[in-house]
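Geometric and topological summary
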Amino acid sequence: MANDGKDNGEFSFVSGGEAETGRRGLPKIHTERTAAETERDICHDDSTTPMRARTLEHLHSLQKKRSTPTTPLTDAHGVFSPVSEAERQKQQLKSISASLASLTRETGPKIVRGDPEKKAEAHTGTVLDHHHFGEPILNLSDSALKFTHILYNLSPAELYEQAIKVEKGSFITATGALATLSGAKTGRSPRDKRVVKDETTEDELWWGKGSPNIEMDEHTFLINRERAVDYLNSLDKVFVNDQFLNWDPEHRIKVRIVSARAYHSLFMHNMCIRPTAEELEDFGTPDFTIYNAGQFPCNRYTHYMTSSTSIDMNLARKEMVILGTQYAGEMKKGLFSLMHYLMPKRQILSLHSGCNMGKNGDVALFFGLSGTGKTTLSTDHNRYLIGDDEHCWSDNGVSNIEGGCYAKCIDLSREKEPDIWNAIKFGTVLENVVFDEHTREVDYSEKSVTENTRAAYPIEYIPNAKIPCVGPHPKNVILLACDAFGVLPPVSKLSLAQTMYHFISGYTALVAGTEDGVKEPTATFSACFGAAFIMLHPSRYAAMLAEKMKKHGATGWLVNTGWSGGSYGSGNRIKLAYTRKIIDAIHSGALLEANYTKTEVFGLEIPDAIEGVPAEILDPVNTWSNKDGHKETLLKLGGLFKKNYEGIHAYQVQRDSKLAEEILAAGPTL
Ligand SMILES: Nc1ncnc2c1ncn2[C@@H]1O[C@H](COP(=O)(O)OP(=O)(O)O)[C@@H](O)[C@H]1O
Ligand SMILES: C=C(OP(=O)(O)O)C(=O)O
Ligand SMILES: [Ca+2]
Ligand SMILES: [Mn+2]
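Because the structure is predicted, anything quoted here is derived from the model rather than measured.

So, the overall build of the chain
Regarding its fold elements, the chain presents 18 helices and 32 strands. Within the span of the chain, comprising 670 residues, buried residues form 52% of the whole. Considering only contacts in the chain between residues 6 or more positions apart, those separated by 24 or more positions represent 72%. When the accessible surface of the chain is totalled, it reaches about 31,900 Å², and 52% of it is carbon and sulfur.

Things to note about the coordination of the calcium ion (ligand 3)
In this structure, Lys 333 (NZ) and His 352 (NE2) serve as the protein donors to the calcium ion (ligand 3), at separations of 2.8 to 3.0 Å. Between the two metals, the calcium ion (ligand 3) and the manganese ion (ligand 4), the spacing is 5.8 Å. One end of the pair, Lys 333, is in helix 10 (residues 329–345); the other, His 352, is in the loop between strand 12 (349–351) and strand 13 (353–357), and 19 residues separate them in sequence. What makes Lys 333 buried here is its relative accessible area of 10%.

Points about the confidence of the model for the chain
Detailed conclusions should not be drawn from predicted coordinates in areas where pLDDT is low. Of the residues in the chain, 85% have a pLDDT of 70 or more, and the chain-wide mean is 88. Counted against residues more than four places away or in other chains, residues 38–47, with its pLDDT under 50, gives 11 contacts. This stretch, residues 120–140, has a pLDDT under 50; its non-local contacts, to residues over four places away or in other chains, come to 28 contacts.

Focus: the state of the cysteines
Note: disulfide means a covalent bond formed between the sulfur atoms of two cysteine side chains. Scanning all chains against the criterion turns up zero disulfides. Free cysteine: Cys 355, not disulfide-bonded; nearest cysteine sulfur from Cys 469 at 9.5 Å. This cysteine, Cys 482, is not joined by any disulfide, and Cys 409 carries the nearest cysteine sulfur, 18 Å off. A relative accessible area of 7% means that Cys 482 is categorised as buried.

Examining the sheet that holds strand 5 (residues 193–196)
On the basis of which strands lie adjacent, the open sheet formed by nine strands has the order 1-2-7-8-9-11-10-5-6 and mixed pairing. The sheet terminates laterally at strand 1 (110–113) and strand 6 (214–216), the two strands that pair on one side only. Mean inter-strand twist for the sheet, computed between neighbouring axes without regard to direction, equals 25°. The sheet strands contacting helix 8 (residues 262–271) are strand 7 (237–245), strand 8 (253–259) and strand 9 (288–293), and the helix crosses strand 7 at an angle near 10°.

Describing the environment of Asp 115
Tracing the backbone shows Asp 115 in the loop between strand 1 and strand 2 (147–152). On the basis of relative accessible area, Asp 115 is assigned to the buried category, the value being 6%. Asp 115 sits 273 residues away from Asp 388 along the chain, and the two C-alpha atoms are 34 Å apart. In this structure the side chain of Asp 115 is engaged in a polar contact, spanning 2.9 Å, whose partner is the backbone nitrogen of Glu 117.

Things to note about the site of ligand 2
The local shell around ligand 2 consists of Arg 188, Lys 332, Lys 333, His 352, Ser 370, Lys 374, Asp 389, Tyr 406, Lys 408 and Arg 454. With respect to ligand 2, the side chain of Lys 374 contributes an N or O atom lying 2.9 Å from an oxygen atom. Arg 454 is positioned with one of its side-chain polar atoms (N or O) 2.7 Å from an oxygen atom of ligand 2. Calculation on ligand 2 without its partners gives an accessible area of 290 Å², and the protein chains cover 96% of this total. Taken together, the elements giving at least two residues each to the shell around ligand 2 come down to helix 10 and strand 18 (404–408). For the shell around ligand 2, a count of residues per class yields one nonpolar, two polar and seven charged.

Comments concerning the site of ligand 1
For ligand 1, the set of nearby residues contains 16 residues, the closest of which are Gly 371, Lys 374, Thr 376, Glu 417 and Ile 574. Taking Gly 373, its main chain carries an N or O atom lying 3.1 Å from an oxygen atom of ligand 1. The separation between an oxygen atom of ligand 1 and a polar side-chain atom of Thr 375 is 2.9 Å. For ligand 1, the accessible surface in isolation is 570 Å², of which the surrounding protein chains cover 88%.

Topic: the pairing of strand 24 (residues 474–481)
Among the eight residues of strand 24, seven are classified as buried, and the element is accordingly described as predominantly covered. With six bridges connecting them, strand 14 (residues 363–368) and strand 24 associate as parallel partners. Note that in strand 24 the partner of Leu 365 across the bridge is Val 477. Two elements, strand 24 and strand 28 (residues 555–560), share six bridges in a ladder whose sense is parallel.

What about the side chain of Ser 350?
With respect to the helices, strands and loops of the structure, Ser 350 is situated in strand 12. Among the polar contacts made by the side chain of Ser 350, one reaches the side chain of His 340 at a distance of 2.5 Å. Excluding residues within four positions of it along the chain, Ser 350 makes contact with Met 339, His 340, Pro 344, His 391 and Tyr 541.

Examining the packing of helix 17 (residues 627–655) against helix 18 (residues 657–665)
Where helix 17 contacts helix 18, the two axes come as close as 7 Å, and the packing angle between them is 155°. What the angle tells us is that helix 17 and helix 18 run roughly antiparallel. On the side of helix 17, the interface is formed by Tyr 645, His 649, Gln 652, Val 653 and Arg 655, while helix 18 contributes Ser 657, Ala 660, Glu 661, Ile 663 and Leu 664. Each residue belonging to the contact of helix 17 with helix 18 can be placed in one class, and the counts come to five nonpolar, three polar and two charged.

Focus: the domain arrangement of the chain
A common way to state how big an interface is: give the accessible area lost once the parts meet. What the domain assignment reports for the chain is domain 1 (18–50), domain 2 (190–352 + 389–471) and domain 3 (474–665). Between the C-alpha centres of domain 2 and domain 3 there is a distance of 28 Å. Listed per partner, the contact involves 27 residues of domain 2 and 22 residues of domain 3. Taking both sides of the interface into account, the surface hidden between domain 2 and domain 3 amounts to around 2,100 Å²; carbon and sulfur atoms contribute 70%. It is Trp 206, Leu 349 and Trp 393 that lose the most area in domain 2 upon contact with domain 3, and together they represent 35% of the buried surface on that side. Run the count over domain 2 and domain 3 and you get one salt bridge. Asp 395 is the salt-bridge partner of Lys 548, the closest N and O atoms lying 4.0 Å from each other. For the interface between domain 2 and domain 3, the tally reads six residue pairs in polar contact (both at pLDDT 80 or more). Looking at the side of domain 2 that touches domain 3, the elements that each hand over two or more residues are strand 5, helix 10, strand 12 and strand 16 (391–394). The leading source of residues in the side of domain 2 that touches domain 3 is helix 10, at six residues.

Thresholds applied
Residues numbered from 1 in each chain as written. Chains lettered and ligands numbered in written order. Predicted model: local features only at pLDDT ≥ 70, side-chain atom pairs only at ≥ 80, totals over all residues. Heavy atoms only, no water. Helix = DSSP H or I, 4+ residues; strand = E, 2+ residues; numbered from the N terminus. Buried < 20%, exposed > 50% of the residue type's maximum accessible area, 1.4 Å probe, protein only. Contact = heavy atoms within 4.5 Å. Areas by Shrake-Rupley, 256 points an atom, 1.4 Å probe, with all protein chains shown as cover. Donors = N, O, S within 2.8 Å, 3.2 Å for Na, K, Ca; no water. pLDDT = per-residue confidence, 0-100. Disulfide = S-S within 2.5 Å. Pairing = 2+ DSSP bridges. Axes fitted to C-alpha atoms, helices over the stretch in contact; angles between N-to-C directions. Polar contact = N/O pair within 3.5 Å; in protein donor to acceptor, adjacent residues only side chain to side chain. Near = heavy atom within 4 Å. Nonpolar A, V, L, I, M, F, W, Y, C, P; charged D, E, K, R; others polar. Parallel < 35°, antiparallel > 145°, perpendicular 65-115°, else oblique. Domains from an automatic or database assignment. Buried area = accessible area lost by both parts, 1.4 Å probe. Salt bridge = Lys/Arg side-chain N within 4 Å of Asp/Glu carboxyl O.

This is the structure we're talking about:
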């Protein structure tokens, strides 16, 4: 700059005060420059640059540029489109208005687009009743008279501002993520998930013992729907997201999410596939709509209700209603249930699995219950990430259902999981974490809100994400179990029948908790490693998996990411570094070449050596000092498997007794 410190040209004093006269010995200040001085200054100072803004208001209006339309208004033939931008936005509002309409009143909600607080920007939004925009919002109880402002597909930055302004517990962390609280519920509520049983779904879906589908009738659904819609319309503003599910363009599903919280809108922005501006213009009517009124409870006097929480699915109406839980994962997993219904109808298998692909195009699936390692192990710096949780396997290959990942954050470390660590930045939703109130550094070891701390980020935040998130037919199908009993081998190669047996069993063991006194791990069996999300009987998905694995020559593996050297309490969790080496050997094909030995009880084939893994841990019996304890625990777990499988076997025999016997024989023998 020309101003070198001696020249005080940046200051201008107004009128002849003491400073000007220099009577108290203050340096004389030049307020006017000679023509020569001005000439010398090539780089002008602030006071000399032309001022565009005439007023402060004007200045602020200049700060924000209007988004330019991304598509020229032409039709497919390059002719000027008959549908004007205003008309298109009007259609869009009409569609949202229909979504929010009451089913019992004749007058629907009056909706306008835009934030009621941003009156200055009124001109940028299309408004149904233009003259009302910018007038004070009257909080009238008569919903026919009040306006509901629609915040439609806001950007992450806009959603941050909304969250921070009105949602208590919203903060920006040191790395730029949005820390939020999900409220009283910090995990899913599977016992409150209901599905409307009507003439169609009665025959189509899996009901009764073991099924996750708790029935409700159409009328009760409508009561809860009305409750949610009324609640949403009672608010000044609601968020609407129009997005997609499934990266396979042939089987893409259009979803609309109507929610009350910026947190929910940003979560779904990250988790679903984000449409381009062009795709959004042609969005039209959604295939499925979620009404998330999670801050508002359901009415316990309503038939079927057993708590203040209800997550209700109506397949005929293509709608889902959420009352009494703000846990965002309900939306993501609710849509996953929908896909478990829609996709098999099209001969496509929906999978509760992570998925990645090697440089040579070899695809691996990672099935497993919560906490077994789908997200951690599919996020692999040496491979392309297709997705961490929900996929489809069709005749075209695999495709991710989602547009983002939902990683557990408890004890997250930069060293062990660098890609997930680095994904926690601006745009990422961080649920229920604890952070330093001043530095905003997150303490990932803190469990004081919940152990289920989470980060939801767009998949492109992982550097080697494969976009579009699709890949060829899988080569390896890895079943992950976190065995807290410590008796399953770190890895075993499965026959097709064994793969089916373990897929249908869906075993993992939960550690009883960190409280003292509770030492026993609890076995959990969740059919297809996702019983909470399946809509049809597990054998339907298993049959499809068997058929696809056979057709495409995929190999099944069982990987224990849980305990070694004893059960929970005496042994330790297998080191993530070892599990990664095991997974590397599966991907490279090296593990297919190993020598195998069959174990007793489970009859699992275990390799004798894997590069980078101590050979002695490959057979769990070697790691237990108490050999009797090992045998006892092994038999106990075998017994739990057998008991769990009884019901499934009985069902399968009716359908195909030969296949049923074959799969049963692949289970443990006591
Ligand atoms: N050997 C291991 N293999 C996989 N994950 C492990 C292992 N040891 C510890 N972990 C931890 O277990 C958790 C696995 O959770 P996650 O990958 O989110 O499971 P999912 O996606 O299947 O719910 C992560 O927090 C991870 O750091
Ligand atoms: C979000 C979930 O998935 P996961 O724990 O498998 O990552 C869930 O089960 O609620
Ligand atoms: Ca899960
Ligand atoms: Mn996961």
